[in-house]
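# Summary of the model geometry
Chain residues, written in single-letter form:
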Amino acid sequence: MNRIRTGFALGITLAVLAGCAPKEMPPTAMTTPSQPATADTNTTSTVTKTDAEWRKRLTPEQYHILREAGTERPHGKAYEEFKAQGAGTYVCGGCGAELFSSAHKFDSHCGWPSFYDPANAKNVRTREDRAFGVTRVEVLCAKCNGHLGHVFKGEGFPTPTDQRYCINGVALKFVPKPAEAKTP
Ligand code: FE
């Protein structure tokens, strides 16, 4: 069973690495994107709960991703909802911290929500992830240490930062921007 789960996770990992670069990227660049700084950042979490409390607060899928560093399948329900969402803010599905903004969304064609910058950098933490023999930069909520996804840099996307925060949609909660007050 563990072997099956590990194999599935590895497949997802390779899909993350290989399936999200722009179509015009040369193969070498697709497999070896440069990585953002890997220093562990923003390590002071302020939301701490017991495992039992997290299990009670989160859905099983949210728990798997946020607390067990899981990965949702690409092009899933959360991603389809993400694509349809308009202006607003994305907060942590675990603790509600502001993480990303619709202003920084872009379509990377990878099947997971993509942002080129965090909305509130102090709420986003990064650290090196060497799972499955691949070095990547993990993205976490700095407030509750929930796993969000990974960030890749230098893939050639035409965005202001050329960074791709590849985030699990299940780990986020969308807060629509309030409608503009109508003037008489
Ligand atoms: Fe959080």
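Computed from a predicted model, the values in this text were never measured in an experiment.

### Overview of the coordination of the iron ion
Geometry reference: four tetrahedral donors at a metal, ideal angle 109.5 degrees. Six octahedral donors, ideal angles 90 or 180 degrees. Coordination of the iron ion by the protein is provided by Cys92 (SG), Cys95 (SG), Cys141 (SG) and Cys144 (SG), with metal-donor distances spanning 2.3 to 2.4 Å. The coordination sphere of the iron ion comprises four donor atoms, whose angles at the metal cover 101 to 115°; the geometry is tetrahedral. In primary sequence terms, the donor set of the iron ion follows C-x2-C-x45-C-x2-C. Within this pair, whereas Cys92 is found in strand β1 (residues 88-92), its partner Cys144 is found in the loop between β5 (136-141) and β6 (147-153), the two being separated by 52 residues in sequence. Among the residues examined, Cys144 registers a relative accessible area of 2% and is labelled buried.

### What to know about helix α5 (residues 77-84)
Where α5 is concerned, the buried positions are Ala78, Tyr79 and Phe82. Projected down its long axis, α5 shows its buried positions confined to an angular sector of 100°, all on one face. Relative to its buried face, α5 has exposed residues pointing more than 90 degrees away, namely Lys77 and Ala84. Where α5 is buried, its residues touch β1 and β3 (114-115).

### What to know about helix α4 (residues 60-68)
Each full turn of the α-helix corresponds to 3.6 residues, which orients residues three or four apart in the same direction. Turning to α4, its buried residues are Gln62, Tyr63, Ile65 and Leu66. Where α4 is buried, its residues meet α3 (51-57), β1 and β6. Immediately downstream of α4, the backbone of Ala69 shows phi near 55°, a positive value.

### Examining the sheet that holds β5
By way of backbone hydrogen bonds, the strands of a sheet pair with one another, either parallel or antiparallel. One open sheet holds the five strands; their spatial order is β3-β7-β6-β5-β4, and the pairing between them is antiparallel. Looking at the sheet topology across the chains shown, the edges are occupied by β3 and β4 (124-129). Where β5 meets β6, four bridges bridge the pair, whose relative direction is antiparallel. Across the sheet, Leu140 pairs through a bridge with His147, a residue of β6.

### Some remarks on the sheet that holds β1
Here three strands make up an open sheet; going across it, the order is β2-β1-β8 and the pairing antiparallel. Single-partner strands in this sheet number two, and they are β2 (98-101) and β8 (172-176). Strand-to-strand twist across the sheet, computed as the mean angle between neighbouring axes with direction ignored, equals 35°. Across five bridges, the pairing between β1 and β8 is antiparallel. Looking at β8, one finds that Tyr90 is bridged to Phe174.

### With respect to the pairing of β4
Pairing of β4 with β5, which is carried by six bridges, proceeds in the antiparallel orientation. By the bridge assignment for β5, Thr126 is matched with Val139. Once β4 ends, the chain turns through six residues before running back antiparallel as β5, passing Phe132 with a positive phi of about 60°.

Conventions adopted
- Residues numbered from 1 in each chain as written.
- Predicted model: local features only at pLDDT ≥ 70, side-chain atom pairs only at ≥ 80, totals over all residues.
- Heavy atoms only, no water.
- Donors = N, O, S within 2.8 Å, 3.2 Å for Na, K, Ca; no water.
- Tetrahedral: all angles 85-135°; square planar, octahedral: opposite > 155°, others 65-115°.
- Helix = DSSP H or I, 4+ residues; strand = E, 2+ residues; numbered from the N terminus.
- Buried < 20%, exposed > 50% of the residue type's maximum accessible area, 1.4 Å probe, protein only.
- Arc of directions from axis to C-beta.
- Contact = heavy atoms within 4.5 Å.
- Pairing = 2+ DSSP bridges.
- Axes fitted to C-alpha atoms, helices over the stretch in contact; angles between N-to-C directions.

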